[in-house]
Amino acid sequence: MDTLSAQYLRHRLARFSQAIEAAREQVSDPSALGRYPASAPYYERSGIVQLFNSLDDESGEWRNLKGEFDKLEQDLRQLEADLGPAYRKLLHGELKTCLDSYFSAVCHANLGGTMQGSDQDLLCRDRIVILIRELEKDHDLSGARDLLGMLDANLFPHDAITDSDLIDPSLQNEYRLHPSTSRNGIEG
């Protein structure tokens, strides 16, 4: 494993650890869009999983970092057990807040407005995907999936839609949603 990849993984593992501790400390006063929202550990975990999946290296250093990741996964499971259903309820509330924020950004863009704060809105979109995947374990989130698919179809050109595993292509035809064009002022 090259030094740069190992350093970056260590950095991401430290962020994952901080997110778990922050979730434990701030669960009584969460912020859906703050620095450490309830979903922060899942968000950090998702990025680390992608990094591990992108590396073909299984050197000793990789195994050490994977072992550290596995320990943090256990810490996250312990956090879930300690906080119980109240934590899942916070995650569900955060999903609703993020969907509302993303919905507003897409509506604003479709009205010809610029995407003010678009970085946060698009980061919220990533958080929505992560929350849907996590909460699907114990909730029916087909409505959230469908809404996300419709919002994406309205915001992104058909060939640039991201995370197609969450998007039902039949929705685009069923609701006669048309991809963005350069004529409507929405950049994809």
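Up top is the structure.
Reading the values: the criteria
- Residues numbered from 1 in each chain as written.
- Predicted model: local features only at pLDDT ≥ 70, side-chain atom pairs only at ≥ 80, totals over all residues.
- Heavy atoms only, no water.
- Helix = DSSP H or I, 4+ residues; strand = E, 2+ residues; numbered from the N terminus.
- Buried < 20%, exposed > 50% of the residue type's maximum accessible area, 1.4 Å probe, protein only.
- Contact = heavy atoms within 4.5 Å.
- Areas by Shrake-Rupley, 256 points an atom, 1.4 Å probe, with all protein chains shown as cover.
- Expected span 1.5 Å × (residues − 1).
- Bend = angle between axes of the 7 residues up to and from the residue.
- Phe/Tyr/Trp six-rings, centres within 6.5 Å; stacked < 30°, edge-to-face > 60°.
- Lys NZ or Arg CZ within 6 Å of the ring centre and 35° of its normal.

**Student:** Just to check I follow, could you spell out the overall build of the protein chain for this structure?
**Tutor:** Tallying secondary structure elements over the protein chain gives 6 helices and 0 strands in all. Element order for the protein chain, N to C, with α for helix and β for strand: α-α-α-α-α-α. The burial tally for the protein chain puts 37% of its 188 residues in the buried class. Counting only contacts in the protein chain whose residues sit at least 6 apart along the sequence, the fraction spanning at least 24 positions is 73%. Split by element, the accessible area of the protein chain, about 10500 Å² in all, is 50% carbon and sulfur.

**Student:** Just checking my understanding: could you explain the environment of Asp100 for this structure?
**Tutor:** As for its position among the elements, Asp100 is in helix 3 (residues 60–110). Judged by relative accessible area, which is 40%, Asp100 ranks as partly exposed.

**Student:** Where do I start with helix 3 in this structure?
**Tutor:** The end-to-end C-alpha distance of helix 3, which contains 51 residues, comes to just 50 Å, noticeably less than the 75 Å that a straight helix rising 1.5 Å per residue would cover. Of all the bends in helix 3, the largest measures some 105° and sits at Gly84, one to four residues before the proline Pro85. Taken from the residues just after helix 3, Gly112 is the one with a positive phi, measuring 95°.

**Student:** Any chance you could explain the packing of aromatic side chains here in plain terms?
**Tutor:** By convention here, two paired aromatic rings are described through the distance between centres and the angle between planes. The tally for this structure, following the rule as stated, stands at 4 aromatic pairs. A ring pair is formed by Phe52 and Phe69, whose centres lie 5.7 Å apart and whose planes are at 55°; its orientation type is tilted. Of this pair, Phe52 sits in helix 2 (residues 40–54) while Phe69 is found in helix 3, placing the two residues 17 residues apart along the sequence. Owing to a relative accessible area of 6%, Phe52 belongs among the buried residues under this scheme. Taken together through their ring pairs, the aromatic side chains of Phe16, Phe52, Trp62 and Phe69 make up a single cluster. The cationic tip of Arg127 hangs over the ring face of Tyr43; the distance from NZ or CZ to the ring centre is 4.4 Å.

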